[in-house]
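Descriptive analysis of the structure
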Amino acid sequence: MTDRIDLHAHTRHSDGSLEPAALVRLAAETGLAALAVTDHDTTAGFPAAAEAGTALGVEILCGVEISARFPARAMHLLAYGFDRREPRFMELLAETRGGRNRRNPRIVARLEELGVPVTMEEVRAESGGEVVGRPHIARAMVRRGYVPDTRAAFSQYLRDGGPAYVATESVEPAEVIAVVQRAGGVVVLAHPKQLRVEGPAALEAVVGDLAAAGLGGMEVMHPSHGSEDRAFFQALADRLGLVASGGSDFHGDTKPDVRLGSGKGDVDVRYATWEALRARCAARSA
Ligand code: AMP
Ligand code: ZN
Ligand code: FE
Ligand code: FE
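A few points on the structure. Since the model is a prediction, treat every value here as computed from it, not as a measurement. (Residues numbered from 1 in each chain as written. Chains lettered and ligands numbered in written order. Predicted model: local features only at pLDDT ≥ 70, side-chain atom pairs only at ≥ 80, totals over all residues. Heavy atoms only, no water.)

**Notes on the overall build of the chain**
Just so we agree on the cut-off: Strands here are runs of E lasting at least two residues and helices are runs of H or I lasting at least four, both read from the DSSP assignment and numbered beginning at the N terminus. Here the radius of gyration uses the C-alpha set of atoms, whereas the globule reference equals 2.2 Å times the residue count to the power 0.38. With a 1.4 Å probe rolled over the protein chains alone, any residue whose accessible area is under 20% of its type maximum counts as buried; one over 50% counts as exposed, and the rest are partly exposed. Contacts between residues were defined by any pair of non-hydrogen atoms, one from each residue, lying within 4.5 Å. The Shrake-Rupley method, run with a 1.4 Å probe sphere, supplies the accessible areas, and residue values consider only the shown protein chains as cover. Here the positive residues are Lys and Arg and the negative ones are Asp and Glu; neither His nor the chain ends is included. Just so you know, the charge point we use is NZ for Lys, CZ for Arg, CG for Asp and CD for Glu.
Along the chain, the regular secondary structure elements total ten helices and eight strands. On C-alpha atoms alone, the chain measures out to a radius of gyration of 18 Å, which is about the 19 Å that the 2.2 N^0.38 rule sets for 286 residues. The principal-axis extents of the C-alpha atoms in the chain amount to approximately 50 × 45 × 40 Å. In the chain, which comprises 286 residues, the proportion classed as buried is 54%. Contacts in the chain between residues at least 24 apart in sequence constitute 73% of all its contacts with a sequence separation of at least 6. When the accessible surface of the chain is summed, it comes to about 12100 Å², and 51% of that surface belongs to carbon and sulfur atoms. Seen as two clouds, the 33 positive and the 38 negative side-chain charges of the chain have centres 2 Å apart.

In structure tokens, the structure reads:
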């Protein structure tokens, strides 16, 4: 029996490749004690995952990865421990999904201008749920034969600041934190390295503002963080009194080099991390 867990994983309800039940089966095979399902801007995968978790003996945590506003890209905020039916919380996710729905056609229009057209029907067909994003656009481009793989679709067109990039209109991070807290949950800053804030002082200022707004933790272990990044973010979390969290950010075939529970081999998150986060939930549900 292990106490290894994974606090960051995606299903077909956003841009992962596995159905929730298949993700939970993989978690059981991997020997995880607990798994948080953290799709982008939706909790729709949770009920099926929870049912599979009960059958297979894996504790399933309801999570979500919310895209908040951040200059020239987005800030990903993970939330856990919330009441998924709390009205303002549901409204927040509807707002962030609305931002995506307005953005995707604008990206598709850019691609048409760039001579690599895809239709929104083709893009939606790549998604298994209500949340559509750039990875689905990338898959549609691969299917058309414009690029050999989704990695090339990102590097040539879709990456942050790339020729077909359109920023998402979204919600302020402080508002996300307030809404999640009101729904009884805790917020964790996902993969802080991907904010691409230059310099440790500037990064500390950004995370410090979030901590002042009620942030509960930040991801230290993540496949995109090397050992120096981890050391830096661990120290920053300690200084700011944040829970040092982490996860594999598993997406299935969408990111084939990342494995559930272990990422690229150096992610190792224990049940105590979830206990530390749970202790910061604004109101524990029974
Ligand atoms: P979106 O939420 O629509 O902005 O898409 C963001 C998602 O695209 C991230 O969660 C990643 O899974 C994926 N992604 C972002 N940048 C890249 C990249 N350079 N290569 C491959 N996938 C990426
Ligand atoms: Zn994703
Ligand atoms: Fe993310
Ligand atoms: Fe993620």
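**Considerations on the layout of surface pockets**
This is how it is decided: A pocket here means an open set of points on a 1 Å grid, computed over the protein atoms alone, that has protein on both sides within 12 Å along at least five of seven lines. A cavity is instead a set of points where a 1.4 Å probe fits but cannot get out; residues with an atom within 4 Å of a point line either one. Grid points are joined across faces, edges and corners, and a volume is the space filled by probe spheres set on the points. Any residue that is not Ala, Val, Leu, Ile, Met, Phe, Trp, Tyr, Cys, Pro, Asp, Glu, Lys or Arg is counted as polar, Gly included; the first ten are nonpolar and the last four charged.
Volume-wise, the largest pocket comes out at about 1300 Å³. In terms of lining residues, the largest pocket is bounded by 42 residues, among which Arg134, Pro135, Phe154, Gln194 and Lys255 are the most central. Of all the elements in the fold, those that place two or more residues in the lining of the largest pocket are strand S3 (59–70), strand S4 (73–80), helix H3 (87–113), helix H5 (134–144) and helix H6 (150–158). Residue composition of the lining of the largest pocket, by class: eleven nonpolar, 16 polar and 15 charged.

**Topic: the coordination of the iron ion (ligand 3)**
The condition is simple: Distances up to 2.8 Å from the metal define which N, O and S atoms are donors, and 3.2 Å serves for Na, K and Ca; water is absent from the atom set, so sites may look incomplete.
In this structure, Glu65 (OE), His76 (ND1) and His191 (NE2) serve as the protein donors to the iron ion (ligand 3), at separations of 2.0 to 2.2 Å. Motif for the iron ion (ligand 3), donor spacing along one chain: E-x10-H-x114-H. The metal-metal distance between the iron ion (ligand 3) and the zinc ion (ligand 2) is 5.5 Å. One end of the pair, glutamate 65, is in strand S3; the other, histidine 191, is in the loop between strand S5 (186–189) and helix H8 (200–212), with 126 residues separating them in the sequence. Here the two residues glutamate 65 and histidine 191 agree in accessibility, since each one is buried.

**Description of the coordination of the iron ion (ligand 4)**
We apply this condition: Between 85 and 135 degrees for all angles marks four donors as tetrahedral; over 155 degrees for opposite donors together with 65 to 115 for all other angles marks four donors as square planar and six as octahedral; every other arrangement is irregular.
Coordination of the iron ion (ligand 4) by the protein comes from His8 (NE2), His10 (NE2), Glu65 (OE) and Asp249 (OD), over a distance range of 2.1 to 2.2 Å. Relative to the metal, the four donor atoms surrounding the iron ion (ligand 4) lie at angles of 77 to 165°, and the coordination shape comes out irregular. Each donor residue of the iron ion (ligand 4) lies on the same chain, and together they follow the pattern H-x1-H-x54-E-x183-D. The distance between the iron ion (ligand 4) and the zinc ion (ligand 2) comes to 4.3 Å.

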